[in-house]
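# Topology and contacts: notes
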Amino acid sequence: MTTRAAIEAVWRLESARIIAALVRIVRDVGLAEDVAQDAVIAALSQWPASGIPDNPGAWLMTTAKRRAVDAFRRRARNDETAAALARELEQTIDDDPAAGIDHVEDDVLRLMFICCHPSLTQEAQTTLTLKLVAGLTTREIARAFLTTESTIAQRVSRAKRTLADTGAAIEEPSGDERAARLETVLRVVYLLFNEGYSATEGDDWVRPALCDESVRLGRILTAIVPEDPEVHGLSALMELQSSRLAARIGTDGEPVLLDVQDRRRWDASRIRRGIEALARAESLAVAGEGPGQYALQAEIAAEHARAASVADTDWARIADLYEQLGRRTGSPVAELNRAVALARAHGPAAGLALLDQLAELQALRGYHLVPSVRGDLLEQQGRGAEAAAEFDRAAAMTANERERRLLLHRAEAARRPPSDR
């Protein structure tokens, strides 16, 4: 491994803890990231000649502290607060370097709360989480969201300015606000995972790197918030869903639907971790309240993981779980998925009956999976021409090129006589 590759690997592993600790020390998100990046630049300059230190994370932390002292000294001439912080920070530099990253759990959770501060837009929350917590570069984030590096850089800069303007943004919330902020953190991580699992646009149907980062964030959360059932529920859901990634795309990158996936390619280790996390979520669930939305979705994913095939899947239980999820969240997408499960359990007519009830919901208008599901159920009834029309409509509505080609292929197949398919 080259020195640069080693530095990148260390940064990916240590960046969240380093930046989180620096935020607590310097009380400024922008400065914390700047001095951490300065430390990486110093490593790129020094490590090729001096070699990689025994404790590279502590080296980066100590170097970042020195850069922070320099920054505070530059401000100190006109700012006594900066002078005091410089003196306080300088006293810690010669301590045990490993002690520079203390209070790890509290610091990283605080950093997640900062990234998901309510003053930020959802777009900014997602970007900042990838940048500061996941340790992704601006280029990696731009690639993930199919935009330019300059756009991401501007987004990060605006988010930092917004956080600075809030004044108390670095303080960890308490009580009801803490619970609400944790819910936002979970939502952001889940959105990241979904974008990786089923990309909304572009040429790739899945983006495994985004899924992997989301799974890693989920594991971090279970370590730092171990008593929250929904944290474990979300981790279970992402572990179980991501276990199928390799089987969801063919060698040519085209989508492979559940019915024809090779389940031998499902990742057994992630399934095991997902089942364990789900059991933990269930053991922590508050009596009388039932499982939360992420635990319910994890239970659905677990039903798929336990089944040897589509035919062996307990679709009736999945339909019931989707009904519970719909009641808990009010999500029409949960009802759409319930229609699929009902069709599997009781025949396509049962699914179509529910789809008819959902047809007029404003929230589902323009959602390409509605005509896609309808086309699938019509095709099962032998109504090929109607199914083809629905697949064509779905193809026109999706922004993902791989999915569009799949839907057009299904439309073409549905138009052919049954004997020619």
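Now for a quick tour of the structure. Note that the structure is predicted; figures quoted are calculated from it, not measured. (Residues numbered from 1 in each chain as written. Predicted model: local features only at pLDDT ≥ 70, side-chain atom pairs only at ≥ 80, totals over all residues. Heavy atoms only, no water.)

## Here's the deal with the overall build of the protein
Quick note on the threshold: Helix and strand labels come from DSSP, where a helix needs a run of H or I of at least four residues and a strand needs a run of E of at least two; each type is numbered from the N terminus. Relative accessibility decides the category of a residue: with a 1.4 Å probe and only protein chains considered, values under 20% of the type maximum give buried, values over 50% give exposed, and everything between is partly exposed. For this analysis, residues touch if any pair of their heavy atoms sits within 4.5 Å. Computed with the Shrake-Rupley method and a 1.4 Å probe, the accessible areas treat only the protein chains shown as cover for residues. Counting rule for charge: Lys and Arg are taken as positive, Asp and Glu as negative, and neither His nor the chain ends is counted. Just so you know, the charge point we use is NZ for Lys, CZ for Arg, CG for Asp and CD for Glu.
Counting its secondary structure elements, the protein contains 19 helices and 2 strands. In terms of overall dimensions, the protein has a C-alpha envelope of 80 × 50 × 40 Å along the principal axes. Counting across all 421 residues of the protein, residues that qualify as buried make up 51%. Residue pairs in contact within the protein that sit at least 24 positions apart in sequence constitute 65% of those at least 6 positions apart. Accessible surface for the protein amounts to roughly 19,900 Å². Of this, 49% is attributable to carbon and sulfur atoms. In the protein, which carries 53 positive and 64 negative side-chain charges, the distance between the mean positions of the two groups comes to 3 Å.

## What about the side chain of Arg155?
Relative to the helices and strands, Arg155 is located in helix α8 (residues 149-166). The class of Arg155 is buried, set by a relative accessible area of 12%. Those residues in contact with Arg155 that sit more than four places away from it in its chain are Glu123, Ala124 and Thr127.

## Topic: helix α16 (residues 348-358)
The criterion, for reference: An arc is given here, and it is the one of the directions from the helix axis to the C-beta atoms.
Considered for burial, the residues of α16 that qualify are Pro348, Gly351, Leu352, Leu354, Leu355 and Leu358. For α16, the angular spread of the buried residues around the axis is 165°, confining them to a single face. Close packing links the buried residues of α16 with α15 (332-346) and α17 (369-380).

## Focus on the environment of Ser157
Residue position: Ser157 is located in helix α8. When its relative accessible area of 34% is taken as the criterion, Ser157 is described as partly exposed. Sequence separation between Ser157 and Leu128 is 29 residues, and the spatial gap between their C-alpha atoms is 9.6 Å.

## Some details on empty space enclosed by the protein
Definition in use: Grid points spaced at 1 Å and placed over the protein atoms alone form the basis of the search, with a cavity being a set where a 1.4 Å probe fits but cannot get out and a pocket an open set showing protein on both sides within 12 Å along at least five of seven lines. Lining residues have an atom within 4 Å of a point. Grid points are joined across faces, edges and corners, and a volume is the space filled by probe spheres set on the points.
Under the defined criterion, the tally for this structure stands at 1 cavity of 30 Å³ or more. By volume, the largest cavity amounts to about 40 Å³. Lining the largest cavity, in full, are Met112, Cys115, Cys116, Thr129, Val133, Val185, Val188 and Val189. At the level of secondary structure, the elements contributing two or more residues to the lining of the largest cavity comprise α5 (104-115), α6 (122-133) and α9 (175-197).

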